[in-house]
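Here is what each chain is made of, one letter per residue.
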Amino acid sequence: MPEPMLEVAGLRKFFEVKRGFPRATTVTVRALDGISFTVGAGQSFGLVGESGCGKSTAGRAVLRLIEPDEGRVAFKGEDVLAAGKERLRALRRKMQIVFQDPYASLNPRRMIGKALTEPMRVHGVGAPGERVARAELLLAEVGLPKNAMTRYPHEFSGGQRQRIGIARALTLEPELIVADEPVSALDVSIQSQILLLLQGLQERRRLSFIFISHDLGVVRYFCQSMAVMYLGRIVETGPIPAIFKEPLHPYTKMLRDASPVPDPTRKVAMLRIEGEVPSAVNPPAGCHFHTRCPHAMEICRKAYPEWTPLGDGRGVACHLHKV
Ligand code: SF4
């Protein structure tokens, strides 16, 4: 494992939300329930799981776009959660995000040139002319023409807008990018182009990625290691080849078997696994996965399995794999 770019330990985030009609009560959503992982320098780390498993919350909590309740996030050894306003601003230059839907994050009334130069202006990077020149270079790097500078978001296709979102994430020369389902809103043919673009950027710029996806085929293609999340917790982690060769957690095995195609130029299978994901408001007692697990035992309904490190970067939380 290369030296760590990001270390996350015991990250927790619960949300209080109102549920019910006509008389609403406050319930607690256990979005993140103490997750830990490490992203190596220049590596892509996949966070995978079905919708509602907490993976997007994890990405935002790492960047403090959502304030976590507990835990530790260290970027190149520096405690992100302890950073004051100024320090956090400086850290955010180094840690950026690419969203699933770039259109939602682009101001429809702002020209692309402005969208790209504004972060540089806010952070005091370069003189105005230098910012424009730099924005044009970024557009070229993501495969868009210079004249995109004077056009508006609605003038671009979904794939082009994602290229703009990527260019914007690069404006401040980040070292880590959280890519939150960056290709899942795109046509399959466009997905592969964006993945190739991200891969090229990663190699050229030696970027680290947290790559969030529900699609194991895409993560297998793009990442070197990954963690599988289920109802706010990590249930398995390890290097991609080892996990795909021999998944240890029954949920990982189901995900792998539902998404066997590692080639992004082909249509990747969407997850089709048995049963509904239980609610994160009231997760099942014991192992949260026991309601869907074909191997569930008596103990699984009573006790949450301890995290078991297995060496070589692998670990699992399942009563079948205690050492
Ligand atoms: Fe299945 Fe039990 Fe392992 Fe949970 S702990 S995944 S229920 S075998």
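Shown above is the structure to which this text applies.
Structural notes, computed from the coordinates.

Details of the overall build of the protein chain
Move 1: Summing up its helical and strand segments, the protein chain has 10 helices and 12 strands in all.
Move 2: Radius of gyration (C-alpha) of the protein chain: 20 Å, near the 20 Å computed for a compact globule of 323 residues.
Move 3: Dimensions along the principal axes, computed over C-alpha positions, put the protein chain at roughly 65 × 45 × 45 Å.
Move 4: Each of the 323 residues in the protein chain was classed as buried or not, and the buried ones make up 52%.
Move 5: Partitioning the intrachain contacts of the protein chain with sequence separation of at least 6 by distance along the chain shows that 64% fall at a separation of at least 24.
Move 6: Across the protein chain, the mean location of the 44 positive side-chain charges is 4 Å away from that of the 33 negative side-chain charges.

Examining the sheet that holds strand E4 (residues 70-75)
Move 1: Pairing is antiparallel across the open sheet formed by 4 strands, whose spatial order is E2-E1-E4-E5. Among the strands making up the open sheet, the edge pair consists of strand E2 (25-40) and strand E5 (78-79).
Move 2: In terms of strand pairing, E4 meets E5 through 2 bridges, oriented antiparallel. Opposite Phe75, over in E5, you have Glu78 as the bridge partner.
Move 3: Where helix H1 (residues 55-63) meets the sheet, it contacts strand E1 (4-19), E2 and E4, and its direction lies at approximately 115° from that of E1.

Considering the sheet that holds strand E6 (residues 95-98)
Two strands in a sheet stick together by hydrogen bonds in their backbones, pointing the same way (parallel) or opposite ways (antiparallel).
Move 1: Pairing within the open sheet is mixed, and its 8 strands lie in the order E6-E7-E8-E3-E9-E10-E12-E11. Edge strands, defined here as strands with exactly one partner in the open sheet, are E6 and strand E11 (308-311). Across the sheet, the mean angle separating the axes of adjacent strands is 20° when strand polarity is ignored.
Move 2: Summarising the sheet, strand E9 (residues 225-230) and strand E10 (residues 233-239) pair through 6 bridges and their orientation is antiparallel. Within the sheet, the bridge partner assigned to Ala227 lies in E10 and is Thr237.
Move 3: Against the sheet, helix H10 (residues 250-258) contacts strand E3 (44-48), E9 and E10, and its axis sits at roughly 110° relative to E9.

Focus: helix H6 (residues 158-170)
Move 1: Between its terminal C-alpha atoms H6 stretches 19 Å, which fits the 18 Å expected from 13 residues at 1.5 Å a residue.
Move 2: Burial analysis of H6 places 10 of its 13 residues in the buried class, the great majority of the element.
Move 3: Check the buried side of H6 and you find it contacts E6, helix H3 (102-105), helix H4 (112-122), helix H5 (128-141), strand E7 (176-180) and helix H7 (188-205).

Some points on the pairing of E9
Move 1: Of all 6 residues in E9, 6 are buried; the element is thus mostly enclosed.
Move 2: A two-sided burial pattern is seen for E9, the buried positions comprising Ser225, Ala227 and Met229 on one face and Met226, Val228 and Tyr230 on the other.
Move 3: As judged from the 4 bridges shared by E3 and E9, these two strands associate in the parallel manner. Residue pairing across strands places Gly46 opposite Met226, the latter belonging to E9.
Move 4: Following E9, the chain reverses through 2 residues before pairing antiparallel with E10; Leu231 in that reversal takes a positive phi of roughly 45°.

A closer look at empty space enclosed by the protein
A probe as big as a water molecule, rolled over the atoms, marks out the empty space that is left.
Move 1: In the structure shown here, the tally under the stated rule is 3 cavities of 30 Å³ or more.
Move 2: The computed volume of the largest cavity comes to approximately 70 Å³.
Move 3: In terms of lining residues, the largest cavity is bounded by 13 residues, among which Cys287, Cys293, Cys300, Cys318 and His319 are the most central.
Move 4: Among the residues making up the lining of the largest cavity, the classes are represented as 9 nonpolar, 4 polar and no charged.

Considerations on H4
Move 1: Counting buried residues in H4 gives 8 out of 11 residues, a clear majority hidden from the surface.
Move 2: Of all the positions in H4, only Ile112, Gly113, Ala115, Leu116, Thr117, Glu118, Pro119 and Met120 are classed as buried.
Move 3: On the buried face of H4, the contacting elements are H5 and H6.

Details of the site of the ligand
Move 1: Around the ligand lies a shell of 13 residues, among which Cys287, Cys293, Cys300, Cys318 and His319 are the nearest.
Move 2: Here the ligand is seated within the largest cavity.
Move 3: Considering only residue class, the shell around the ligand consists of 9 nonpolar, 4 polar and no charged.

The rules behind these values
Residues numbered from 1 in each chain as written. Predicted model: local features only at pLDDT ≥ 70, side-chain atom pairs only at ≥ 80, totals over all residues. Heavy atoms only, no water. Helix = DSSP H or I, 4+ residues; strand = E, 2+ residues; numbered from the N terminus. Rg over C-alpha atoms; globule rule 2.2 N^0.38 Å. Buried < 20%, exposed > 50% of the residue type's maximum accessible area, 1.4 Å probe, protein only. Contact = heavy atoms within 4.5 Å. Lys, Arg positive; Asp, Glu negative; His and termini not counted. Charge placed at Lys NZ, Arg CZ, Asp CG, Glu CD. Pairing = 2+ DSSP bridges. Axes fitted to C-alpha atoms, helices over the stretch in contact; angles between N-to-C directions. Expected span 1.5 Å × (residues − 1). 1 Å grid on protein atoms, 1.4 Å probe; cavity = no way out; pocket = protein on both sides within 12 Å on 5 of 7 lines; lining within 4 Å. Points joined across faces, edges and corners; volume = space filled by probe spheres on them. Nonpolar A, V, L, I, M, F, W, Y, C, P; charged D, E, K, R; others polar. Near = heavy atom within 4 Å. Sits in = over half its atoms within 2 Å of the grid points.

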